[in-house]
Amino acid sequence: MKSKSNEFHKTKIMSKKIIVIALLSLSIISCANKENSNNIDNLISSKNVKGLQERKATLQAEITKIEEALATLDIKKVEALVEVSTVKDTLFNHYLEIQGSVDTKENILVQPEFSGTLTSLTVTAGQRVTKGQILGKIDDGGLSQQLASLENQYALAKTTYDRQKNLWDKKIGSEIQFLQAQTQMVAAQKGVAQMKAQLSKTVIRAPFSGTIDEVFVEKGQVVAPSAQGLMRIVNLGNMFVSTSVPETYIGKLKVGTEVNVYLTSLGKTYVGKVRQIGNFINPNNRSFGIEVSIPNPDNMLRPNQVAKLKIIDYINKQAIVVPTNIIQEDGSGNKFIYTVSDSNGKTGTAKKVIVTPGKSSDNVTEILSGLSANDIIVIEGVNTISDGMKLNF
């Protein structure tokens, strides 16, 4: 602690010297300006070349004294307190970060196929249903009676056909009678099938297994196809995130690519996989659509939730990475960082090193050249040091 205090004291004294010299310089120039401005003006107006040359020599001598005083201080000897870190080979992943929306294919409004009075409603909001389960029934308006009549007609036509066929097999009767009986039976059979199909539309069934999210009608209400529908049914077991990806990534994504999906509303990250890649490039924004399937074991996902996707598009298993904020740029456009040379325990010398940055992700940047494993870099205090400055850490 004592050594650090002494070093700080030395630095403080050195800084004071610099300030004093700077103030002295300003004072000299100011005084010179005030005292001699009139003389210089007089020399100029009288065109006294010799006098002007003598005045220039005097000022030049004062400037030389100031420069010599600054040179004796050797600013590079000023020490700075910084934080350092040792560079190591590490795994580096670069991500494409985009925003998407959670959705499910099985999220629909159940519509009636038949208009009439809702005579039965067997489900409530929040109820779990299975595919094909009856959700309600609509008054058939006499279709069941018509079906019964058609079934009787079919039974009679079939009996007639069976008898005619039996006679025809024994070579009794005419072929015309047999064919007429056959035709009547087939027509009656089709009539029954059509009526059953029509009658089945009065029964409302679940199109897939899921949960009744909301019911919009009540028993006894007259219903018909509408924008609202009868109820909404949702299956949260087949969730995915849909989004658009820039055209430049079309060759980097494949079906099965793992994707980290962060749900901002839940504060949780799910691991999903690309399940579909669009075959069409949108000419307006030069992008294509993808779908990423995600698990929903705790049923916390909901359609239209906002999701942030991180898709790995680059991997380097032995990369040199540094914090992005320590990379600086000099007047020539070169990127550089400060390393520590002549390291001796807790001290060293700042060294400016030109580097070639690569990709950046999660506030770190890959360094392609300029650094090696086990190099010591300055990670805190980079804006207060210069090349050759003594460092404490």
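Here the structure is a predicted model, which means the values were calculated and not measured.

Chemist: Whenever I open this one, unusual backbone geometry confuses me. Can you help?
Modeler: Unlike most non-glycine residues, Lys 171 shows phi in positive territory, near 65°. In this structure, Lys 171 sits in the loop between helix 3 (143-169) and helix 4 (175-200). Here Lys 171 falls in the exposed class, since its relative accessible area comes to 70%. The phi torsion at Asp 362 lies on the positive side, around 55°, for a residue other than glycine. Note on placement: Asp 362 falls in the loop between strand 20 (356-361) and strand 21 (364-369). Accessibility expressed as a relative area gives 45% for Asp 362, which makes it partly exposed.

Chemist: Honestly, the packing of aromatic side chains in this entry has me stumped. Any pointers?
Modeler: Where two aromatic rings form a pair, the distance of their centres and the angle of their planes describe that pair. One pass over the structure, following the stated rule, counts four aromatic pairs. Considering the side-chain rings of Trp 168 and Phe 178, the 6.3 Å spacing of their centres and the 10° angle between planes classify their relative orientation as stacked. One end of the pair, Trp 168, is in helix 3; the other, Phe 178, is in helix 4, with ten residues separating them in the sequence. Of the residues examined, Trp 168 reaches a relative accessible area of 27% and is grouped as partly exposed. Taking the relative accessible area as the measure of exposure, Phe 178 reaches 12% and is therefore buried. Within the aromatic cluster, the residues linked to one another by ring pairs are Tyr 161, Trp 168 and Phe 178. Sitting over the face of the ring of Tyr 95, Lys 310 holds its NZ or CZ atom 4.5 Å from the ring centroid.

Chemist: Would you take a moment to explain the packing of helix 3 against helix 4 for this structure?
Modeler: Helix-helix packing is characterised by the crossing angle of the two axes and by the distance between the axes. Where helix 3 contacts helix 4, the axes come no closer than 8 Å and their chain directions differ by 155°. For the element pair helix 3 / helix 4, the angle class is roughly antiparallel. Classified by chirality, the crossing of helix 4 by helix 3 is left-handed. Per-class residue counts for the contact of helix 3 with helix 4 are 14 nonpolar, eleven polar and five charged.

Thresholds, definitions, all that
Residues numbered from 1 in each chain as written. Predicted model: local features only at pLDDT ≥ 70, side-chain atom pairs only at ≥ 80, totals over all residues. Heavy atoms only, no water. Helix = DSSP H or I, 4+ residues; strand = E, 2+ residues; numbered from the N terminus. Buried < 20%, exposed > 50% of the residue type's maximum accessible area, 1.4 Å probe, protein only. Phe/Tyr/Trp six-rings, centres within 6.5 Å; stacked < 30°, edge-to-face > 60°. Lys NZ or Arg CZ within 6 Å of the ring centre and 35° of its normal. Axes fitted to C-alpha atoms, helices over the stretch in contact; angles between N-to-C directions. Parallel < 35°, antiparallel > 145°, perpendicular 65-115°, else oblique. Left-handed = near helix turned anticlockwise from the far one by under 90°. Nonpolar A, V, L, I, M, F, W, Y, C, P; charged D, E, K, R; others polar.

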